[in-house]
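Now for the letters of each chain:
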Amino acid sequence: MAPPETDEARTIHSPWLGDVEADPQCELLFPAGLPGFEDQTRMLPVEIPAQRPLVYLQSVERAEICFVALPVYVVDPAFQLRVSDEERSILQLPDDCDPVIGSDVLCLVLLRPSGHSVEANLNASIVINLHNRRGVQCVPADGRSSQFRLLDDSGWKVLC
């Protein structure tokens, strides 16, 4: 059973980030959760200044769940956001204009371990409406691969 909703901050004892103060005014709502984590609908974005531009998405509901992400433009400065009608509805974006990354939405890419490096799949970006803090993982219908691996020199390489 989920804890009762309150407007007061509480502490999340994250095994990854330590104690994190969870202010309900900063929470992100993922109505559909994330693929494989559909029950995780409330996330807290956490930035550690010395680790910028990394963004951690710490689950409010389960302290042991935390995702590591980067803004998409860090990985691919030419990234173009594609949002389906369903995703637009979940984010509660207006139908009459495309969202602008940085002004209307925050667009992150999750990182996953790959050997001694990490990979990022830009075809599964996390999009957050900056006006209402609603988020969704956007997966374009065209299925084009847009996988990147971090190189030793801190650059990103497109994977085939």
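Residues numbered from 1 in each chain as written. Predicted model: local features only at pLDDT ≥ 70, side-chain atom pairs only at ≥ 80, totals over all residues. Heavy atoms only, no water.

Draft legend 1. Spotlight on the overall build of the protein. On a plain count of helices and strands, the protein comes out with two helices and twelve strands. Mapped from its N terminus to its C terminus, the protein presents α and β elements in the order β-β-β-β-β-β-α-α-β-β-β-β-β-β. For 160 residues, the compact-globule estimate of 2.2 N^0.38 gives 15 Å, and the C-alpha radius of gyration of the protein, at 16 Å, lies within 12% of that figure. Here the C-alpha coordinates of the protein stretch approximately 45 × 40 × 25 Å along the principal axes. Evaluated residue by residue, the protein yields a buried proportion of 43% over its 160 residues. Considering only contacts within the protein whose residues lie at least 6 apart along the sequence, 47% involve residues at least 24 apart. When the accessible surface of the protein is summed, it comes to about 9300 Å², and 53% of that surface belongs to carbon and sulfur atoms. Of note, the protein has its 12 positive side-chain charges centred 5 Å away from the centre of its 24 negative side-chain charges. (Helix = DSSP H or I, 4+ residues; strand = E, 2+ residues; numbered from the N terminus. Rg over C-alpha atoms; globule rule 2.2 N^0.38 Å. Buried < 20%, exposed > 50% of the residue type's maximum accessible area, 1.4 Å probe, protein only. Contact = heavy atoms within 4.5 Å. Areas by Shrake-Rupley, 256 points an atom, 1.4 Å probe, with all protein chains shown as cover. Lys, Arg positive; Asp, Glu negative; His and termini not counted. Charge placed at Lys NZ, Arg CZ, Asp CG, Glu CD.)

Draft legend 2. Highlighting empty space enclosed by the protein. As enumerated under the stated definition, the model contains one cavity of 30 Å³ or more in all. A volume near 50 Å³ is recorded for the largest cavity. Taken together, Phe79, Gln80, Leu81, Arg82, Leu122, Asn123, Ser125, Cys138 and Pro140 make up the full set of residues lining the largest cavity. Along the lines of polarity and charge, the residues of the lining of the largest cavity split into five nonpolar, three polar and one charged. (1 Å grid on protein atoms, 1.4 Å probe; cavity = no way out; pocket = protein on both sides within 12 Å on 5 of 7 lines; lining within 4 Å. Points joined across faces, edges and corners; volume = space filled by probe spheres on them. Nonpolar A, V, L, I, M, F, W, Y, C, P; charged D, E, K, R; others polar.)

Draft legend 3. Structural view of the nonpolar core. Counting residues in each nonpolar core, the largest one holds 20 residues, and the members touching the most others are Val75, Val109, Ala120, Leu122 and Trp156. Elements supplying a minimum of two residues to this core: helix H1 (72-75), helix H2 (85-91), strand E7 (105-114) and strand E10 (135-138). For this core, the leading source of residues is E7, giving four residues. When residues no more than four places from it in sequence are discounted, the contact partners of leucine 122 are Val75, Asp76, Phe79, Val109, Ser146 and Phe148. The next biggest cluster of nonpolar side chains, apart from the first, holds 13 residues, and it includes Phe30, Ala69, Leu110 and Ile128. (Core = buried A, V, L, I, M, F, W, Y, C linked by side-chain atoms within 4.5 Å.)

Draft legend 4. Main features of the pairing of E10. Burial along E10 is two-sided: the face carrying Gly135 and Gln137 and the face carrying Val136 and Cys138 are both buried. Here strand E9 (residues 125-129) pairs with E10 via four bridges, running antiparallel. In the sheet register, isoleucine 126 faces E10, and the bridge partner there is glutamine 137. In sequence, E9 turns back onto E10 through a hairpin of five residues, with arginine 133 there showing a positive phi of about 65°. (Pairing = 2+ DSSP bridges.)

Draft legend 5. A look at the pairing of E9. Buried residues dominate E9, accounting for five of its five residues. Burial along E9 is two-sided: Ser125, Val127 and Asn129 facing one way and Ile126 and Ile128 facing the other are all buried. The sheet contact formed by E7 and E9 spans four bridges and is antiparallel. If you follow valine 105 over to E9, its bridge partner there is asparagine 129.

Draft legend 6. The arrangement of the side chain of arginine 42 in detail. Mapped onto the fold, arginine 42 is located in strand E4 (residues 42-46). By relative accessible area, arginine 42 is classed as buried at 12%. There is a polar contact of 2.8 Å between the side chain of arginine 42 and the side chain of glutamate 27. (Polar contact = N/O pair within 3.5 Å; in protein donor to acceptor, adjacent residues only side chain to side chain.)

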